[in-house]
Each structure stands twice: as C-alpha cells, then as structure tokens.
Amino acid sequence: MELDIMPLFEWGLFTEPRPCVVAGPCSAESEEQVMETAKGLREMGINVYRAGIWKPRTYPGSFEGVGTEGLRWMQRVKKEYGLKTATEVAGGKHVAECLEYGIDLVWIGARTTSNPFLVQEIADALKNTDIPVLVKNPANPDLDLWIGALERLNRAGIRKLGVIHRGFSTFEKIKYRNDPQWQVAIELRNRYPGLPFFVDPSHMSGCRDYIREISQRSLDLGFEGLMIESHCNPSAALSDTRQQITPEELNDLLHRQLKVRNQDSDSPQWRDNIDQLRAKIDIIDENILYALGSRMNVSRQIGEYKKSSNVTILQTSRWDAVLAGVIAKGRQYGLPEDFVTTIFNAIYKASVEVQNDIISDKSSK
Ligand code: PEP
Ligand code: MN
C-alpha cells in the first residue's frame with residue numbers, strides 16, 4: 001500500500017539544517033544521570049532527547065530499565081531544558097504511559113518490529129493521537145516485515161512516521177555489532193522517497209570508534225537524521241557502555257568531524273547526487289568483496305575435502321557447467337557473456353591456486 005507520510009520538517013520537532021539529531025543515553029538510569037546528560041546535550045544544541053525507559057535485554061539479569069519512574073525524569077527534562085523527549089515502546093501499556101507523561105516521540109525497537117502482534121498492539125494504542133513514531137528495522141533483514149510495521153501504524157492514522165536503520169543481527173562476528181546491509185535501507189528509500197530516514201550508528205557499530213564512519217555514510221546516502229547514544233559518563237553506563245559518547249564528543253562529531261553537504265547553497269545539486277551514487281557503489285563493492293571472500297572460504301573447504309578424499313583439483317566438466325550457468329544468469333542481469341566469462345575465469349583461477357596450495361600443503365604454513 002502507499003504510505004501517507006507527513007514531511008519530517010512539518011512534525012514540529014526538527015528544523016534544518018540536517019542532520020536531524022535524536023541523542024541521549026541508552027537508558028535512563030537515575031534522575032541525576034538523566035538531568036546531567038540532558039543539560040550537556042542542551043548546551044550542545046540538541047533538541048530531541050532520547051532515553052530508554054524499558055530496556056529489551058538479551059539476557060535476564062541485565063539492567064532492564066527503571067520503568068515508569070523514568071518518565072517523570074523525562075518530564076523534568078522537557079520542563080527545565082525545553083527538550084523534546086523520546087523513548088522506546090514495546091507494547092500498548094508503554095504507549096499509554098508515554099502519552100500520560102507527555103513523551104513527544106516514540107520509537108519501536110528492532111526486536112519489537114519483528115513481531116506483528118506487538119506492532120499491531122502499539123498501532124491500536126496510538127489511534128487518535130498524533131505522536132511521531134520511528135520504526136527501527138527488524139533484527140533480521142526482512143524488508144517486508146519492516147514495511148508491514150509501517151503499514152500497520154499508517155493505517156492507525158499515524159502520519160508522523162519515519163524509520164531508523166540500525167543494522168541486522170548476524171551469527172558471524174563482524175566488525176560492527178549489527179550488519180549495516182545498506183542495500184536494504186536503500187531499497188526502502190527507493191520505494192518510499194518521502195519517508196523520513198534516520199540511522200542509528202550507535203547500535204549499528206556497537207563501538208564508539210565507528211560512529212563517525214557510519215554517520216558519514218548515512219549523510220552521504222542522503223538520509224535525514226541520526227539517533228546517537230550519548231551519556232554524561234559513558235564508562236559508568238548500565239547498558240551499551242562501549243558505544244556511548246559524551247555530549248562534548250557528540251558536538252565534536254556533528255560540528256567538526258562530519259562533512260554535511262548543504263543541498264541549497266554552495267554545493268551544487270549534481271555534487272550531492274554524484275556523492276550519493278558513489279556511496280551506493282562503494283557499498284556494492286564491499287558486498288562483492290564480501291561475496292568473493294566467502295566463496296574463497298568455501299573453495300578452501302572443498303580443497304581440504306578433495307585432499308582427504310584423494311580427488312584431483314581440476315574437474316573441468318564441473319567448471320564448464322558452472323560457467324554455462326553463470327553466463328545464462330548474467331544474461332538475465334544484462335551482463336555481456338564476455339564480461340561474465342572473464343570474471344569467472346579469474347575467480348576459477350584463484351580458486352584452483354588456493355586448492356593447489358592446500359594439496360601441496362603450502363597453506364598450512
Ligand atoms: C535502543 O535504541 O536503545 C535499542 C534498544 O535499540 P535496538 O532496538 O536498535 O536494539
Ligand atoms: Mn542502547
């Protein structure tokens with residue numbers, strides 16, 4: 001279905017210039033921590049303050065949030081510092097309490113987006129309100145599940161609706177805590193160009209060292225906003241210690257490290273477009289390299305297996321079949337036969353070399 005979305009700058013929460021920033025601690029921990037962090041962020045010019053009140057934790061026994069009490073602290077933040085407040089909701093009861101305490105924006109966490117029952121319950125609880133809602137991607141890279149959640153909310157009359165890309169869970173250990181899989185976000189962007197788009201470099205990276213590079217990529221892709229975790233004393237945080245930064249560090253990131261392209265003035269439109277396209281190409285190149293690396297690993301496993309089974313490396317009939325197959329598939333993607341043949345012969349050559357090394361034991365050094 002089409003989504004009926006109110007443009008981001010009409011929500012009454014964010015103003016130009018981009019990026020629109022939502023910042024604050026992973027969790028509200030104590031009244032002092034909430035107030036001190038809010039004060040720091042206010043001084044850095046942040047307008048929308050986040051803090052988790054109910055925390056979805058992987059293991060029981062971890063800090064699960066302070067609950068309703070924290071909403072009172074958020075009210076103080078709003079009253080004393082004039083900040084708009086935002087928190088995560090995971091069900092109808094959370095929504096009711098947020099409405100009662102005057103929370104200005106709610107978001108749906110990755111684990112909740114994956115559950116249509118809960119999303120529907122939240123949508124029902126939000127009926128007849130006009131509170132803005134940001135929907136994080138589901139924990140698994142399922143674009144339909146993400147879109148389904150948006151449709152449920154939109155059907156309930158929520159027009160101040162946007163998304164937060166925070167990456168996807170993986171079994172394998174990767175550089176980041178969550179795999180960005182930017183192509184999923186780009187696909188969503190292409191389908192709904194008017195849907196406000198935030199990126200959460202804190203949960204995507206899981207580590208403060210990578211927040212800058214992810215934020216920059218998000219800006220280069222033309223996304224409107226960033227949700228970043230900031231804590232007055234990150235090393236003492238009760239959750240997500242490694243990924244939080246101080247309000248001063250956030251300010252440095254936003255105003256000195258990130259290169260924000262101004263769409264209306266000095267940088268011409270084409271520059272913006274070309275940078276966005278190049279950012280997409282960079283992502284595709286990374287995906288190609290990842291795929292080639294994975295292929296090579298499997299090739300190594302085959303080499304080991306051939307060695308233990310005493311089978312020769314070169315099995316030309318198998319390769320002829322592979323090549324014919326990829327040429328046919330390549331044609332479907334508009335790729336010329338010559339091009340596909342050259343690439344796959346190079347891949348084959350490298351595979352044979354790797355397997356040769358295994359058979360002759362060079363690889364065990
Ligand atoms: C959060 O924003 O605090 C959070 C729990 O994030 P996510 O749902 O992305 O894990
Ligand atoms: Mn967190």
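See the structure above.
A few points on the structure. (Residues numbered from 1 in each chain as written. Chains lettered and ligands numbered in written order. Predicted model: local features only at pLDDT ≥ 70, side-chain atom pairs only at ≥ 80, totals over all residues. Heavy atoms only, no water.)

## As for the overall build of the chain
To keep things clear, this is the line we draw: Each helix is a run of H or I in the DSSP string that is no shorter than four residues. Each strand is a run of E no shorter than two, and both are numbered from the N terminus. Residues are treated as being in contact if the distance between any of their heavy atoms lies within 4.5 Å. Using the Shrake-Rupley algorithm and a 1.4 Å probe, accessible areas are obtained, with residue cover drawn only from the displayed protein chains. Here the positive residues are Lys and Arg and the negative ones are Asp and Glu; neither His nor the chain ends is included. For this purpose, a charge sits on NZ of Lys, CZ of Arg, CG of Asp or CD of Glu.
Summing up its helical and strand segments, the chain has 13 helices and eight strands in all. Dimensions of the chain along its principal axes, counting C-alpha atoms only, are 75 × 45 × 45 Å. Counted over contacts in the chain with a minimum sequence separation of 6, partners at least 24 positions apart contribute 72%. In the structure as shown, the chain presents an accessible area of about 18,400 Å², 52% of it carried by carbon and sulfur atoms. In the chain, which carries 45 positive and 49 negative side-chain charges, the distance between the mean positions of the two groups comes to 3 Å.

## Some details on the pairing of strand S1 (residues 20-24)
Cut-off, in case you're wondering: Burial here depends on accessible area, computed with a 1.4 Å probe over protein chains only, as a share of the maximum for the residue type. Under 20% is buried, over 50% is exposed, and the range in between is partly exposed. Between any two strands, at least two bridges found by DSSP are needed for them to pair. If you view a crossover with the strands going away from you and the path from the first strand over the helix to the second runs clockwise, you call it right-handed.
In terms of burial, S1 is a largely internal element, five of the five residues being buried. In the sheet, S1 pairs with strand S8 (residues 225-229) via five bridges, with the strands oriented parallel. Across the sheet, residue Val21 finds its bridge partner in S8, namely Leu226. Across two bridges, the pairing between S1 and strand S2 (residues 48-50) is parallel. Looking at S2, one finds that Val22 is bridged to Val48. Considered for its hand, the β-α-β crossover made up of S1, helix H1 (residues 31-43) and S2 is right-handed.

## As for the pattern of salt bridges
Where charged atoms from two side chains of opposite charge come close, those side chains can pair. This is how the line gets drawn: Only one rule defines a salt bridge in this text: a Lys or Arg side-chain nitrogen within 4 Å of an Asp or Glu carboxyl oxygen.
Evaluated as defined, the whole model comprises 18 salt bridges. Among the salt bridges present, the one from Arg50 reaches Glu229, with a minimum N-O distance of 3.3 Å. Here Glu229 lies in strand S8 and Arg50 lies in strand S2, a separation of 179 residues in the sequence. Summarising the burial analysis for this pair, Arg50 and Glu229 share the class buried. Across the pair Arg217 and Glu286 runs a salt bridge, and its minimum N-O distance is 3.2 Å. Highlighted residues: Arg217 in helix H9 (residues 211-220) and Glu286 in helix H11 (residues 269-309), separated in sequence by 69 residues. Three or more residues are tied together by salt bridges with common partners; here these are Glu31, Arg76 and Glu80.

## Considerations on the environment of Pro17
Its place among the elements puts Pro17 in the segment before S1. On the basis of relative accessible area, Pro17 is assigned to the exposed category, the value being 64%. It is 9.5 Å that separates the C-alpha atoms of Pro17 and Glu224, two residues lying 207 residues apart in sequence.

## Here we look at the pairing of strand S3 (residues 84-89)
In the case of a regular strand, side chains alternate between the two sheet surfaces. For S3, a buried count of five out of six residues is recorded, marking the element as mostly surrounded by other parts of the structure. Across three bridges, S2 lies against S3 in parallel orientation. Its bridge partner being in S3, Arg50 is matched across the sheet by Ala86. With helix H2 (residues 68-81) bridging S2 and its parallel neighbour S3, the resulting β-α-β unit is right-handed. Bridging between S3 and strand S4 (residues 105-108) involves four bridges; their strand directions are parallel. Its bridge partner lying in S4, Thr87 is registered against Val106.

## Describing the nonpolar core
Note on soluble globular proteins: their nonpolar side chains tend to be buried together. The condition that has to hold: What makes a nonpolar core is a set of buried Ala, Val, Leu, Ile, Met, Phe, Trp, Tyr and Cys residues whose side-chain atoms join them at distances within 4.5 Å.
In terms of nonpolar packing, the biggest core is built from 68 residues, with Tyr49, Val133, Leu153, Trp182, Leu188 and Leu250 touching the most fellow members. A per-element tally of this core places helix H6 (residues 143-155) first, with six residues. Not counting chain neighbours up to four residues away, the residues in contact with Leu188 comprise Leu143, Trp146, Ile147, Leu150, Val163, Leu195 and Phe197.

Treat this as a map of the structure, not an account of what it does.
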